[in-house]
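So the chains spell out like this:
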Amino acid sequence: MIRKSTIKRMLELLNTVQEGVDYIGETQNETVFQVIDICQWAINEVSAIIQEEAVGSSNICLKNLKATSENITPGLTSAQRQSAVQQLAAVREALLEEPARLEVAFFPYKQSMWDCMESVWRAADADPMCDCYVVPIPYYDRNPDNSLGTFHYEGVQFPQDIPVVDYMSYDVTIRKPDIIYIHNPYDKYNWVTSVDPHYYSHELKKYTDMLVYIPYYIAGSSKEQGTKTTLTMLSAYYHADRIIAQSEGMKQGLVHLGISEKRILTLGTPKLDYALQHQLEKEDLTDWREKLEGRTVFLVNTSLTDLLGRNRKWLSLMKKLFADIAEHKNCAVIWRPHPLTEATIRSMRPNLLQLYQDMKSELQQLDNFIFDQNSSYLPAFQASHAMISDYSSLFMMYGVTEKPVLLLTGSKSEKKTVDYLFIDYYDYYFLEDGFEVDAFIDIVKKGKDPGREKRLASFKASLTNADGTAGEKIHRAVVRAAMEQ
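Read on for a plain summary of the structure. (Residues numbered from 1 in each chain as written. Predicted model: local features only at pLDDT ≥ 70, side-chain atom pairs only at ≥ 80, totals over all residues. Heavy atoms only, no water.)

## Structural notes on the overall build of the chain
Then step 1. Tallying secondary structure elements over the chain gives 21 helices and 18 strands in all.
Then step 2. Seen through its C-alpha atoms, the chain measures out along the principal axes to roughly 95 × 45 × 45 Å.
Then step 3. The burial tally for the chain puts 55% of its 485 residues in the buried class.
Then step 4. Partitioning the contacts of the chain with sequence separation of at least 6, the portion at a separation of at least 24 is 74%.
Then step 5. Counting every atom, the chain has about 22,000 Å² of accessible surface; 50% of that belongs to carbon and sulfur.
Then step 6. Of the side chains in the chain, 52 bear a positive and 65 a negative charge, and the two mean positions are spaced by 5 Å. (Helix = DSSP H or I, 4+ residues; strand = E, 2+ residues; numbered from the N terminus. Buried < 20%, exposed > 50% of the residue type's maximum accessible area, 1.4 Å probe, protein only. Contact = heavy atoms within 4.5 Å. Areas by Shrake-Rupley, 256 points an atom, 1.4 Å probe, with all protein chains shown as cover. Lys, Arg positive; Asp, Glu negative; His and termini not counted. Charge placed at Lys NZ, Arg CZ, Asp CG, Glu CD.)

## Quick look at the layout of surface pockets
Then step 1. For the second largest pocket, the calculated volume is near 370 Å³.
Then step 2. Only β13 (331-337), α15 (341-348) and α16 (353-364) provide two or more residues apiece to the lining of the second largest pocket.
Then step 3. Partitioned by chemical class, the residues of the lining of the second largest pocket number 5 nonpolar, 7 polar and 6 charged. (1 Å grid on protein atoms, 1.4 Å probe; cavity = no way out; pocket = protein on both sides within 12 Å on 5 of 7 lines; lining within 4 Å. Points joined across faces, edges and corners; volume = space filled by probe spheres on them. Nonpolar A, V, L, I, M, F, W, Y, C, P; charged D, E, K, R; others polar.)

## Considering the nonpolar core
In summary, soluble globular proteins display a tendency toward joint burial of nonpolar side chains.
Then step 1. Counting 64 residues, the largest nonpolar core has Phe106, Phe107, Ile179, Tyr181 and Leu254 as its most contacted members.
Then step 2. The greatest single-element share of this core, amounting to 6 residues, is contributed by helix α21 (residues 470-484). (Core = buried A, V, L, I, M, F, W, Y, C linked by side-chain atoms within 4.5 Å.)

## Some points on the packing of helix α5 (residues 118-125) against helix α11 (residues 270-278)
Then step 1. Direction vectors running N to C along α5 and α11 enclose 85°, while the axes themselves pass 7 Å from each other. When the axis of α5 is compared with that of α11, the two are roughly perpendicular. Residues Glu118, Ser119, Val120 and Arg122 of α5 form the contact with α11, whose own contacting residues are Pro270, Asp273, Tyr274, Gln277 and His278.
Then step 2. Taken together, the residues of the contact of α5 with α11 break down into 3 nonpolar, 3 polar and 3 charged. (Axes fitted to C-alpha atoms, helices over the stretch in contact; angles between N-to-C directions. Parallel < 35°, antiparallel > 145°, perpendicular 65-115°, else oblique.)

## Some points on the side chain of aspartate 127
Then step 1. When you line up the elements, aspartate 127 lands in the loop between α5 and β3 (130-134).
Then step 2. Reaching out from aspartate 127, the side chain makes a polar contact with the side chain of histidine 475 at a distance of 2.8 Å. (Polar contact = N/O pair within 3.5 Å; in protein donor to acceptor, adjacent residues only side chain to side chain.)

## With respect to the environment of phenylalanine 106
Then step 1. The residue phenylalanine 106 is located in strand β2 (residues 100-107) in this model.
Then step 2. Spatially, the C-alpha atom of phenylalanine 106 lies 10.0 Å from that of valine 165, the residues being 59 residues apart in sequence.
Then step 3. Look past the residues within four positions of phenylalanine 106 in its chain and what remains in contact with it is Trp114, Met117, Val120, Trp121, Ala124, Tyr133, Val134, Val135 and Tyr181.

## Considerations on the packing of aromatic side chains
Remark: the centre distance and the inter-plane angle together describe each pair of aromatic rings, the angle taken between the planes.
Then step 1. Scanning the entire structure with this criterion turns up 32 aromatic pairs.
Then step 2. Ring geometry for phenylalanine 395 versus tyrosine 425: centroids 5.3 Å apart, planes at 80°, classification edge-to-face. Here phenylalanine 395 is found in helix α18 (residues 393-397), whereas its partner tyrosine 425 is found in the loop between β17 (420-421) and β18 (429-430), with 30 residues between them in sequence. Accessibility classification places phenylalanine 395 together with tyrosine 425 in one group, the buried group.
Then step 3. In this structure an aromatic cluster arises from ring pairing among Trp314, Phe322, Trp335, Tyr356, Phe369 and Phe371.
Then step 4. Above the ring of tyrosine 428, the side-chain terminus of arginine 455 is found at 6.0 Å from the ring centroid. (Phe/Tyr/Trp six-rings, centres within 6.5 Å; stacked < 30°, edge-to-face > 60°. Lys NZ or Arg CZ within 6 Å of the ring centre and 35° of its normal.)

## What to know about the sheet that holds strand β15 (residues 386-389)
Then step 1. Pairing is parallel in the open sheet, where 6 strands are placed in the order β14-β13-β12-β15-β16-β18. In this open sheet, the two edge strands, each paired with only one partner strand, are β14 (369-371) and β18.
Then step 2. In the sheet, strand β12 (residues 296-302) pairs with β13 via 7 bridges, with the strands oriented parallel. Bridge assignment links valine 300 to a residue of β13, and that residue is tryptophan 335.
Then step 3. Against the sheet, α16 contacts β13 and β14, and its axis sits at roughly 135° relative to β14. (Pairing = 2+ DSSP bridges.)

## Things to note about the pairing of strand β10 (residues 242-245)
Then step 1. Taking every second residue as pointing to the same face, both faces of β10 are buried, with Arg242 and Ile244 on one and Ile243 and Ala245 on the other.
Then step 2. Strand direction decides the pairing type here: strand β8 (residues 211-213) and β10, joined by 2 bridges, are parallel. Considered in β10, the bridge of tyrosine 213 is made with isoleucine 243.
Then step 3. As defined by bridge partners, β10 adjoins strand β11 (residues 264-266) across 3 bridges and the pair is classed as parallel. Pairing of isoleucine 244 across the sheet is with leucine 265, part of β11.

## Some thoughts on helix α10 (residues 248-256)
Then step 1. Those residues of α10 that sit buried are Gly249, Met250, Lys251, Gly253 and Leu254.
Then step 2. Positive backbone phi, approximately 100°, marks glycine 258, located one or two places after α10.

Below, the structure is given as structure tokens:
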């Protein structure tokens, strides 16, 4: 079956011939011979592709192309011109009816962020009309002077059932995939890491007609000014043909920024698909069993935003939090910092690096403490009874477990002040509302969760396709858009 991009190329060549026929019929000078040569070349190119690709309607197409070639001569008569137009129309119609295949390329960079693409890939991979390629791309840490630092490639870390293609063997400039999915929106504007500049969104857009940006995170809420600031940071917003929105609230925020509704697909987040699909799978917790068994386990999740905002104070707050939990001997902690925490400190807060490393070392000596560096958050989700978190995408993901969450930042009252609510998490427990860490530990140990029903209802109602079908629906919508181009 022929690639859609190949059909598009042939149609463009036929348009060249059509323009040449019109020119020859209206012009009587020496340039006619040059135009005839171009037309004959284009006809030969199309004929060669048809034969090479074994197009189903090849006999009809080749017959009409041969007749067109014979009609294109100096002094083209009106009758010859009309015949050529009809013959080209017949070829064009046959090509448009030809079943087409789509080449779909996924360009993740961090394995831990693959969850935002996996369900879309599974839907595309199961589609007989698509040829799929998962091409993990390299990235770099940023040095303090913003230059590119340490090189990273995580292709070898992907699950064994994902058929990874080495980026050095997949040349996007030659393959020109019909659809490209990305999850890194920053391009050169990320001060912590950078994907290889060859994979910046404006570069990829040169080689595809359908560049799709899927956020690697779940967004919570935004005020107008914050939304405008975000847009200046998200370079991919300017270059993507389609942007995936997790909810109607996110769509409204994007429209407010001036993004056309046509470019927004409000179909939910594949991250929830991933969590729902995998949460019932039995994770291997052997390495953690000794420290966790028989204890109430709290997953502590920390992001980059609070770290960068509080600096040294953040370290003090973390130490106090871990000490508070450690006082409860029948409790345990899984600390899962953002995977770029140390790289961020090294790049943007180098004066805190030694303090952070010392704190981490001290905590790892405790018999009820786990420092979670797994690429997947699923073991921590499964092993924990509750989460304590600052503002991040992961606490929103934790909602699928239906377990309680205590938020260290924000309060319920903030819901009244946000302009765009992307997901409703305001029925969680908030430290700033007076729900202390000790009180939260107490209800979790007793198996109580008084806010559960209201929290789950708000969470599910605020997201689109929160039932695990977002990836399939995104795939269908993007394929339809690609075929209509």
